[in-house]
Amino acid sequence: MKKFWISVLMSVSIMFSQIQWNVKAENDTQPLQVYFTEDGRNMKLFFSEHIDGDASVVIANETFTPEVKNTGVEIRTTFLIDNSTSMPSSLRGSLKDAIISYTKKMSSSESVQIAKFDEKTDFLTGGYIRNSEAVANCISTIDYKGGASLVYDAVMSTINAIDTTKDAYYRTILITDGADTVGTTTFDFLRSEISGNSRYHIDVVQVNGKDDKQDANLTSLASLGSNTYMLYKDKKDDFSSLKPGTISMLNTKLNNAVTTGELKGVTVKNGDININIGSLLFPQAEIEEPTTEPETEPETEPPTEPETEPETEPETEAPPEPEPSPNSATIILIIILVLAAAGGTVFLIFYLKKKNTYLFCMIESEVQKADTQDQEQVGLQYWEFRTDKEFRVGRMRKPLDDSNQPLPENDFAICENATQQDLNSIGRNAFSLFYDEHQKNLMIRNIAKGAVFDIVHDQRQQTLSPNQSSVLKEGDEILIGNYTTVAIHKYSIEERVVKKSKS
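Calculation criteria
Residues numbered from 1 in each chain as written. Predicted model: local features only at pLDDT ≥ 70, side-chain atom pairs only at ≥ 80, totals over all residues. Heavy atoms only, no water. Axes fitted to C-alpha atoms, helices over the stretch in contact; angles between N-to-C directions. Helix = DSSP H or I, 4+ residues; strand = E, 2+ residues; numbered from the N terminus. Parallel < 35°, antiparallel > 145°, perpendicular 65-115°, else oblique. Left-handed = near helix turned anticlockwise from the far one by under 90°. Contact = heavy atoms within 4.5 Å. Polar contact = N/O pair within 3.5 Å; in protein donor to acceptor, adjacent residues only side chain to side chain. Pairing = 2+ DSSP bridges. Salt bridge = Lys/Arg side-chain N within 4 Å of Asp/Glu carboxyl O. Buried < 20%, exposed > 50% of the residue type's maximum accessible area, 1.4 Å probe, protein only. Phe/Tyr/Trp six-rings, centres within 6.5 Å; stacked < 30°, edge-to-face > 60°. Lys NZ or Arg CZ within 6 Å of the ring centre and 35° of its normal.

(A) Up close: the packing of helix H4 (residues 151-160) against helix H5 (residues 187-195). Relative to each other, H4 and H5 sit at 30°, their axes nearing to 10 Å. Classified by the angle between their axes, H4 and H5 sit roughly parallel to one another. In terms of crossing hand, the pair formed by H4 and H5 is left-handed. Here H4 contributes Tyr152, Val155, Met156 and Ile159 to the contact with H5, which in turn contributes Phe187, Phe189, Leu190, Glu193 and Ile194.

(B) The side chain of arginine 386, seen in detail. Within the secondary structure, arginine 386 is located in strand E17 (residues 379-386). Within the structure, the side chain of arginine 386 is placed 2.9 Å from the side chain of aspartate 388, a separation counted as a polar contact. Non-local contacts of arginine 386, meaning those with residues more than four positions away in its chain, are made with Tyr358, Leu359 and Phe360.

(C) View of the sheet that holds strand E23 (residues 460-464). The antiparallel open sheet is built from 6 strands, whose spatial order is E17-E16-E26-E25-E22-E23. Unpaired on one side and paired on the other, E17 and E23 mark the two borders of the sheet. Sheet twist, expressed as the average angle between the axes of neighbouring strands with direction ignored, equals 30°. Looking at chain direction, strand E16 (residues 357-369) and E17 are connected through 8 bridges and run antiparallel. From the neighbouring strand, isoleucine 363 faces E17, where its bridge partner is tryptophan 383.

(D) Structural view of the environment of lysine 105. By the element assignment, lysine 105 lies in helix H2 (residues 92-105). Sequence-wise, lysine 105 and lysine 243 are 138 residues apart; in three dimensions their C-alpha atoms are separated by 9.2 Å.

(E) Examining the pattern of salt bridges more closely. Under the defined criterion, the tally for this structure stands at 10 salt bridges. Between aspartate 203 and arginine 171 there is a salt bridge whose closest N-O contact spans 2.9 Å. Pair noted here: aspartate 203 is in strand E11 (residues 201-207) and arginine 171 is in strand E10 (residues 168-176), with a separation of 32 residues, a long-range link. In this structure aspartate 203 comes out as buried when scored by relative accessible area, which is 3%. One salt bridge connects arginine 386 with aspartate 388, and the closest N-O pair in it is separated by 2.9 Å. Residue aspartate 388 is classed as partly exposed on the basis of its relative accessible area, which comes to 27%. One connected set of salt bridges, linked through shared partners, spans Glu110, Arg171 and Asp203.

(F) Structural context of the pairing of strand E26 (residues 484-497). Strand direction decides the pairing type here: E16 and E26, joined by 13 bridges, are antiparallel. Residue pairing in the sheet places glutamate 366 in a bridge with alanine 487 of E26. As defined by bridge partners, strand E25 (residues 477-480) adjoins E26 across 4 bridges and the pair is classed as antiparallel. Residue isoleucine 478 lies in a different strand from E26, and its bridge partner there is valine 486. Here E25 hands over to E26 after 3 residues, with glycine 481 in that stretch at a positive phi of 65°.

(G) Focus on the packing of aromatic side chains. As enumerated under the stated definition, the model contains 11 aromatic pairs in all. When the ring of tryptophan 383 is compared with that of phenylalanine 412, the centres are 5.2 Å apart and the planes differ by 50°; the resulting orientation is tilted. Taken together, the residues tryptophan 383 in strand E17 and phenylalanine 412 in strand E19 (residues 412-413) connect sequence positions 29 residues apart. By way of ring pairs, the aromatic residues Tyr35, Phe46, Tyr128, Tyr169 and Tyr170 are connected into one cluster. Note that arginine 386 overlies the ring of tyrosine 358, its terminal NZ or CZ placed 3.7 Å from the centroid. The residue whose ring lies beneath arginine 496 is phenylalanine 360, and the NZ or CZ to ring-centre distance is 4.5 Å.

In structure tokens, the structure reads:
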């Protein structure tokens with residue numbers, strides 16, 4: 001009897017220890033880079049650490065098995081060089097030598113391209129190369145005669161130039177002497193691109209031949225993710241510290257369940273570690289699912305009559321053993337089970353409450369229209385949406401594409417009396433709003449097909465091209481077409497418990 005209760009207590013102990021072993025640790029590791037292929041079929045994640053071959057990628061409630069590559073991942077590095085007259089003349093020659101030295105010592109999986117910038121960005125090598133002599137020839141054409149340095153525009157040009165069809169990790173080494181001259185790309189927008197959906201890797205080399213003064217915006221860019229900052233002020237300085245380490249890649253094939261054009265949470269399960277990527281805005285794409293032939297059921301043979309076994313004399317059952325009377329071990333076990341049940345109930349209540357808790361973004365906006373013949377939906381508007389989703393604003397309630405197929409329905413429709421030309425240039429869906437929980441910023445993205453609109457922030461106007469996004473702040477204005485202005489008065493974030501609806 002004593003052995004029986006000891007075995008029961010051991011089973012309970014083993015059960016609780018197994019529950020502890022199954023708890024997955026969370027890891028703060030973030031990817032070096034994330035990008036989607038242009039057709040929306042694949043998502044590529046790059047890490048600076050080893051990824052298990054049986055790793056999985058969880059997107060919302062969907063689990064995917066990615067292609068994992070831990071060695072030989074192609075690395076494409078862009079040296080982006082400031083061509084302005086302000087670059088210190090005493091360090092121009094040593095910069096050239098440092099870049100050539102870098103190309104001679106880089107790994108066999110890395111290649112480089114050279115680009116220069118002032119008011120515009122020029123790619124000099126015509127692609128990624130490994131020949132150090134060709135690199136030297138390209139650098140020798142840089143004359144440092146540019147009058148302005150549009151740093152943020154230049155960095156965006158390298159981000160936009162990546163070829164998503166290649167299984168390659170892209171990075172930029174920015175070489176400049178200081179702050180950005182006003183261009184079309186704001187600092188906030190560039191920062192959101194580097195640390196938000198794109199997770200682009202950029203190392204900053206600030207060239208300064210006089211003192212140790214660091215540009216605050218450059219150091220801020222370099223502090224995002226795994227980016228680095230280097231103050232170049234001596235001819236002996238080199239770029240050996242900027243060489244990338246081992247790069248791992250996860251190439252995940254997506255399906256229609258996730259390519260909905262919405263924000264979705266992403267987690268990489270790497271062995272016993274869960275790497276929480278955060279929310280990414282997935283492309284909107286229609287992916288053809290592979291067709292499978294229906295399985296044919298195997299032919300079944302006609303049933304055979306069961307064989308009858310000869311009757312046997314019924315066995316006599318042994319009299320039941322008397323049940324053991326309760327003792328101290330029984331009472332202790334009952335107390336343990338009651339406490340475990342009570343603890344489990346408390347945990348379950350907490351879990352269910354936490355599971356149904358979401359953050360909501362609430363926005364007070366105002367729609368203004370210069371067209372006196374169209375005053376629908378003007379005035380104050382109160383919008384709200386869950387931060388794991390997005391809020392679409394468009395021209396009409398049920399938008400259609402060029403083939404009269406339904407597009408994602410707008411959450412708010414401006415309902416303008418738009419001409420066909422307006423509809424073609426601005427699009428049925430004008431923009432979407434979403435909340436970047438990582439940067440704690442309200443964001444706006446241009447989702448109009450083939451159109452542009454402007455954002456006014458601190459009396460500075462920024463044009464958003466299709467699929468471009470930017471930080472949106474209180475007091476900003478969104479200019480759509482020639483007549484419509486949407487002013488963002490204020491917004492707030494609130495946590496709410498959402499009760500599950502009864503079916």
